[in-house]
Every structure is written in structure tokens, then in C-alpha cells.
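Here is what each chain is made of, one letter per residue.
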Amino acid sequence: MADEIDYEALPANAGLPVHMLAGALAGISEHVVMYPIDSIKTRMQVFATTPVVYSSLGNAISRISSTEGWKTLWRGVWSVVLGAGPAHAVHFGVLEAVKELAGGNAPGNHQWIATSLAGASATIAADALMNPFDVVKQRMQVHRSAFRSVYTCAHTLYRTEGVSTFFVSYPTTLAISIPFNAIQFTMYEQLKCVLNPRGEYSPSSHIVSGAVAGGIAAAATTPLDVAKTLLQTRGASDDAQVRNARGMFDALRIIWSREGLRGFARGLTPRVLTTMPSTAICWLSYEFFSAYSLFHVFIRK
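Rules and cut-offs
- Residues numbered from 1 in each chain as written.
- Predicted model: local features only at pLDDT ≥ 70, side-chain atom pairs only at ≥ 80, totals over all residues.
- Heavy atoms only, no water.
- Helix = DSSP H or I, 4+ residues; strand = E, 2+ residues; numbered from the N terminus.
- Buried < 20%, exposed > 50% of the residue type's maximum accessible area, 1.4 Å probe, protein only.
- Contact = heavy atoms within 4.5 Å.
- Areas by Shrake-Rupley, 256 points an atom, 1.4 Å probe, with all protein chains shown as cover.
- Polar contact = N/O pair within 3.5 Å; in protein donor to acceptor, adjacent residues only side chain to side chain.
- Patch = residues over 30% accessible without salt bridge, like charges linked within 9 Å, V, L, I, M, F, W, Y side chains within 5 Å.
- Salt bridge = Lys/Arg side-chain N within 4 Å of Asp/Glu carboxyl O.
- Expected span 1.5 Å × (residues − 1).
- Bend = angle between axes of the 7 residues up to and from the residue.
- Core = buried A, V, L, I, M, F, W, Y, C linked by side-chain atoms within 4.5 Å.

A. The arrangement of the overall build of the protein in detail. Check the secondary structure of the protein and you find 12 helices and zero strands. Along its sequence from the N terminus, the protein presents helices and strands in the succession α-α-α-α-α-α-α-α-α-α-α-α. Of all 301 residues assigned to the protein, the portion counted as buried reaches 51%. Excluding contacts between residues fewer than 6 apart, the proportion of contacts in the protein whose partners are at least 24 apart in sequence is 76%. Summed over its atoms, the accessible surface of the protein is roughly 14100 Å², and 65% of this surface lies on carbon and sulfur atoms.

B. Highlighting the environment of T160. Its location among the elements puts T160 in helix α7 (residues 150-161). Taking the C-alpha atoms as reference, T160 lies 9.5 Å from G235; in sequence the two are 75 residues apart. Within the structure, the side chain of T160 is placed 2.7 Å from the backbone oxygen of T156, a separation counted as a polar contact.

C. Looking closely at unusual backbone geometry. Despite not being glycine, R144 shows a phi value in the positive range, around 60 degrees. Along the polypeptide, R144 turns up in the loop between α6 (112-141) and α7.

D. Broad picture of a nonpolar patch on the surface. A surface patch of nonpolar side chains, about 480 Å² in accessible area, is lined by V194, L195, I207, V208, V212 and I216. Among the elements of the structure, α8 (170-195) and α9 (203-232) are those that each provide at least two residues to the nonpolar patch. Ranked by residues supplied to the nonpolar patch, first place goes to α9 with four residues. Mapped onto the secondary structure, V212 falls in helix α9. Residue classification places V212 among the partly exposed residues on the basis of a relative accessible area of 33%.

E. Structural context of α6. Look at α6: only 37 Å from first C-alpha to last across 30 residues, short of the 44 Å you get at 1.5 Å a residue. The sharpest bend along α6 measures roughly 45 degrees and falls at M130, with the proline P132 sitting one to four residues further on. Along α6, 21 of the 30 residues are buried, which leaves the element largely enclosed by surrounding structure.

F. Expanded view of the nonpolar core. If you look at the biggest cluster of nonpolar residues, it comprises 12 residues: F47, V168, V226, A227, L230, L231, V242, A245, A251, I254, I255 and F264. Counting residues per element, this core draws most heavily on α9, at four residues. A245 has contacts with L230, L231, R234, D250 and I254, leaving out every residue within four places of it along the chain. If you look at the next biggest cluster of nonpolar residues, it comprises 11 residues, including V98, A122, F185 and C282.

G. Structural context of the pattern of salt bridges. Under the counting rule described, the total for this entry stands at 14 salt bridges. We note a salt bridge from D225 to K228, for which the minimum N-O separation is 3.8 Å. One end of the pair is D225 and the other is K228, both in helix α9 and three residues apart, which spans about a single turn. Accessibility classification places D225 together with K228 in one group, the buried group. The salt bridge involving R253 is made with D250; its shortest N-O contact spans 2.4 Å. Of this pair, R253 and D250 both sit in helix α11 (residues 248-259), three residues apart, which is roughly one turn of that helix.

Structural measurements only, silent on function.
Okay, here's the thing in C-alpha cells:
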């Protein structure tokens, strides 16, 4: 009888190209499916002199769809498609490489230090690539955005605000993403070990583990996400103090002075609701594409 394929060994045997392809496909799947809710989150977090106030997620969906149309919620999605594939390919490629080097794939007990280190390392590399695309995305998501194409938005921002506008939020992005991914990846691995101790391909365990891990990580990092949105949309604001924000600490001071602790919870509900299914989709897609890719490698051999 032929040896049974060990699912947990698939990523390690598949090699870096398979991980990068799986990550790219997973990243695009993750962001595109939940994009409309992400657009609402951005609008809830924007600081403006005359803000559009949404009382709830349902209220936001109703008002935007009735006054601006459903297509508005998809504005800027191509920036995510263009950036998410390469960024997630880099993310999962670095993640698996560092995890292997740090001993995270060794048999025995779950290596939480190695997986946390892998998650943080992957984030530093991926966010450097994704940050400019995220800036363009949020500029297109804001209320009454003048931009209708990714190229026009990126070109205009570069011409009027300089290349620094694409990276002013990068330190804040890392301050969010490093703990977010360390929490998410560690919790995902732990939950997967509990729900799927045999290490088989199990969509239900990947979905549940990804959703729970992502939701907790999203809630914990929402305050910094509000600061990041302020920085990435500052050029679209008519508020002088917001427009002159130079970095994370300026953004945090503005939020605190305007709304106190309540300001740091802006967009919490849509952020968590976006992250839970998107991380579930991301991990399910990643595990599926990894398994599927190795299956064909195995058949060819």
C-alpha cells in the first residue's frame, strides 16, 4: 500500500514557490471578498471637520447604497488586487522560511516562539510592499473621493504630496501588523492543533481557527488602525491639524485630544467583522492551495 500523504508535511515539502503562490491567491481572496465592509471601516475612522457620521454598520450600508450606490463600496478594490497578491506571496514565503529556520516545523510540541518570530518577520517584508497600495485604497474609499482609478490616484498623490505620502504610515502599519500577525499566527497554530490534532486537511478547523485568531488580533490592534487611517487619509482632510500630522504619535495625540478613549475604538465592529471572515478565508485558501499544489507535485513524481 502506498504511504499516506502527511498533510502537515505538505508546506515544508512543497517549497518556497508553492507557499508564495498559495499566499498570493489567499491574500487576494481574503481582501476582495470583504472589501465593502473595509470601505465602511475606513469611513468610520476618518477624522474631518464635517464628518459623515454612521450610527452603525447597517446604517452605513443603507446610507451609502441609497445615496451613492453599491459600486461606491468597491471603489479602490483594484489597488488591493494589485498589491495583495505580491504582498501575501512575500508574507507567506518569509513566514514559512523563517518558521523552518527557527525550528517551528520540528516534531513535538508547538514551537510558539518560532511561529511568533516567523509571523513578525513576514509582516515587516510584506507591509513594505503593501503600504503604498493601502494608501491609494483608502484615499479612494473616503467620502466624496475625487479618484476613480488606481493609477490616477497614485500619480496625483505622488505629484502633489511626494513619495513620502505612501510611507508616512509604514511605522504605524508595522506597529499594528507585527503584534496582529504574531497574535493571529500563534493563536491559529494553537487552535489548529486542538481542533485538528491529526494534521489532516480540515476546512472546518482552518475556518474556525482563522476566524477566532483574526477577530482577537483585530480587536487588540484597532486603536493603532485608527491612527493609521488618519495618516493615510490626511491629504483628503480639510482639517489643518490632521493634514499636518507627521507620524504615529501625532495621530495618537489628535485622536486623544478630539475624542479620548472612544476615538480609538472607531471602526471596531466593521474591522472585527471584516477580519474574522477574511482571515478564515485566507487560511482556508492558503491551506487548500498548499495541499493542492503539493498534490500535483506528488503526482508528477
